[in-house]
Amino acid sequence: MDDVLYEGKSKIVCTGRDESTLLIRFKDSATAFNGEKKAELPGKAQLNAAISNIIFNYLAQHGIQSHVIEVIDKTSVLVKKADIIMVEIIVRNIAAGSFSKKFGIAEGTVLHNTAIEFCIKSDDLGDPMINESQITAIGLAQPQELAEMIQQSLKINDLLYALFAKAGIKLVDFKLEFGRCGGQIILCDEISPDSCRLWDSETEKKLDKDRFRLDLGNVLDAYREVLGRLQNV
Ligand code: UDP
């Protein structure tokens with residue numbers, strides 16, 4: 001275990017216990033704007049691993065299968081090797097970020113229904129938006145796989161919206177990744193303040209990676225706040 005196979009922007013993927021597993025190590029690096037903005041935030045790995053582990057564990061208890069097998073240490077998780085579907089699913093409850101900019105909708109506007117968007121997972125292409133018929137047309141996913149990913153994403157949204165609400169946090173939007181494993185579609189990657197927009201329910205203070213993207217400061221204090229609140233739910 002522990003030979004590096006691939007180093008990404010926020011995680012390192014290593015060999016696992018056997019052919020069917022991988023070890024994922026969270027990194028302290030923070031990146032934004034497709035890698036243009038970078039920084040080291042010592043302690044981010046531990047915080048994101050801890051937050052993601054709480055969330056994946058909660059989702060597992062509610063019937064969502066993921067790649068997580070076992071937490072190895074404070075920054076490493078043993079996962080099932082999955083064939084990652086190269087589509088990122090963005091789920092939105094409240095307008096923010098690129099959605100607000102693209103459609104001219106004020107940040108913070110509550111959406112009439114959950115909006116689902118798809119992007120191709122490709123740094124080279126800059127994660128372009130893609131629609132459902134385009135995804136199946138170019139073979140990124142089969143129609144039934146896409147339907148399954150959408151169904152799971154909506155269920156995950158309902159579960160996480162309720163979890164964060166209990167923690168006094170609004171789940172504004174988030175990104176999910178899925179993979180094929182043993183004939184099933186399973187949730188992969190991480191769910192953390194790096195991949196979600198999380199606002200304090202009362203003050204709407206940003207408790208996520210926008211603090212880094214927008215130079216708002218106290219990035220890790222916000223992540224620590226999210227972890228502390230989830231631990232007390
Ligand atoms: N997101 C992500 N990785 C990406 C793109 C988006 O984790 O490569 C998350 C992002 O943190 C936010 C949500 O998906 O919670 C929606 O992001 P948006 O499309 O608004 O893009 P951004 O404003 O982050 O460029």
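Below you will find a few notes about this structure. Source: prediction; values computed, not measured.

**Some words on the pairing of strand β13 (residues 196–200)**
Summarising burial for β13: 5 of the 5 residues are buried, a large majority. Residue alternation in β13 divides its side chains into two sets, Cys196, Leu198 and Asp200 and Arg197 and Trp199, and both sets are buried.

**A word on the site of the ligand**
Lining the immediate environment of the ligand, one finds 14 residues, of which Arg92, Ser98, Asp173, Arg197 and Arg213 sit closest. Within the contact set of the ligand, an oxygen atom lies 2.6 Å away from a side-chain nitrogen or oxygen of arginine 92. Of all the secondary-structure elements, those providing two or more residues to the shell around the ligand are β9 (87–94), α2 (97–103), β11 (169–181) and β13. When grouped by side-chain class, the residues that make up the shell around the ligand number 3 nonpolar, 3 polar and 8 charged.

**Some words on the sheet that holds strand β7 (residues 76–80)**
Taken together, 5 strands build an open sheet; the order of strands is β1-β2-β3-β7-β6 and the sheet is antiparallel. A single partner strand is all that each edge strand has here, and the edge strands are β1 (4–7) and β6 (68–73). Going from strand to strand, the sheet's axes swing by 25° on average, the running direction of each strand aside. Bridging between strand β2 (residues 11–15) and strand β3 (residues 21–26) involves 5 bridges; their strand directions are antiparallel. The residue of β3 that forms the bridge with isoleucine 12 is arginine 25. Relative to the sheet, helix α1 (residues 44–61) contacts β3, β6 and β7, its axis offset from that of β3 by approximately 130°.

**Some details on the nonpolar core**
Of all hydrophobic cores here, the largest spans 48 residues; its most connected members are Ile55, Leu59, Ile156, Leu160, Phe164, Leu187 and Ile191. The dominant element in this core, judged by the number of residues it contributes, is helix α4 (residues 143–166), at 8 residues. Setting aside anything within four residues of it in sequence, one finds phenylalanine 164 in contact with Ile55, Ile169, Leu171, Leu198, Val226 and Leu230. Judged by nonpolar contacts, the second largest core, of 8 residues, contains Leu22, Ile24, Ala49 and Val77.

**Details of the packing of aromatic side chains**
A full pass over the atoms with the stated rule returns 1 aromatic pair. Plain terms: the ring middles of phenylalanine 99 and phenylalanine 103 are 5.0 Å apart, the flat faces sit at 75° to each other, and that makes the pair edge-to-face. Separated by 4 residues within a single helix, phenylalanine 99 and phenylalanine 103 lie in helix α2, roughly one turn from each other. Judged by relative accessible area, phenylalanine 99 falls into the buried class, the value being 11%. The ring of phenylalanine 26 is capped by lysine 11, whose NZ or CZ atom sits 5.9 Å from the centre of that ring. Here the basic side chain of lysine 37 rests over the ring of phenylalanine 212, its NZ or CZ set 5.1 Å away from the ring centre.

**Describing helix α6 (residues 219–231)**
Look at α6: 19 Å from first C-alpha to last across 13 residues, which is about the 18 Å you get at 1.5 Å a residue. Three or more residues of α6 are buried, namely Val219, Leu220, Ala222, Tyr223, Val226, Leu227 and Leu230. Each buried residue of α6 lies within a common arc of 160° when the element is viewed along its axis, so the set occupies one face.

**Side note on the packing of α1 against α4**
Viewed as axis vectors pointing N to C, α1 and α4 meet at an angle of 120°, and their least axial separation amounts to 11 Å. Classed by the angle they form, the pair α1 and α4 counts as oblique. The handedness of the crossing between α1 and α4 is right-handed. Residues Ile55, Tyr58 and Leu59 of α1 form the contact with α4, whose own contacting residues are Ile156, Leu159, Leu160, Ala162, Leu163 and Phe164. Taken together, the residues that form the contact of α1 with α4 break down as 9 nonpolar, no polar and no charged.

Thresholds applied
Residues numbered from 1 in each chain as written. Predicted model: local features only at pLDDT ≥ 70, side-chain atom pairs only at ≥ 80, totals over all residues. Heavy atoms only, no water. Buried < 20%, exposed > 50% of the residue type's maximum accessible area, 1.4 Å probe, protein only. Helix = DSSP H or I, 4+ residues; strand = E, 2+ residues; numbered from the N terminus. Near = heavy atom within 4 Å. Polar contact = N/O pair within 3.5 Å; in protein donor to acceptor, adjacent residues only side chain to side chain. Nonpolar A, V, L, I, M, F, W, Y, C, P; charged D, E, K, R; others polar. Pairing = 2+ DSSP bridges. Axes fitted to C-alpha atoms, helices over the stretch in contact; angles between N-to-C directions. Contact = heavy atoms within 4.5 Å. Core = buried A, V, L, I, M, F, W, Y, C linked by side-chain atoms within 4.5 Å. Phe/Tyr/Trp six-rings, centres within 6.5 Å; stacked < 30°, edge-to-face > 60°. Lys NZ or Arg CZ within 6 Å of the ring centre and 35° of its normal. Expected span 1.5 Å × (residues − 1). Arc of directions from axis to C-beta. Parallel < 35°, antiparallel > 145°, perpendicular 65-115°, else oblique. Left-handed = near helix turned anticlockwise from the far one by under 90°.

Purely geometric numbers; function is a separate question.
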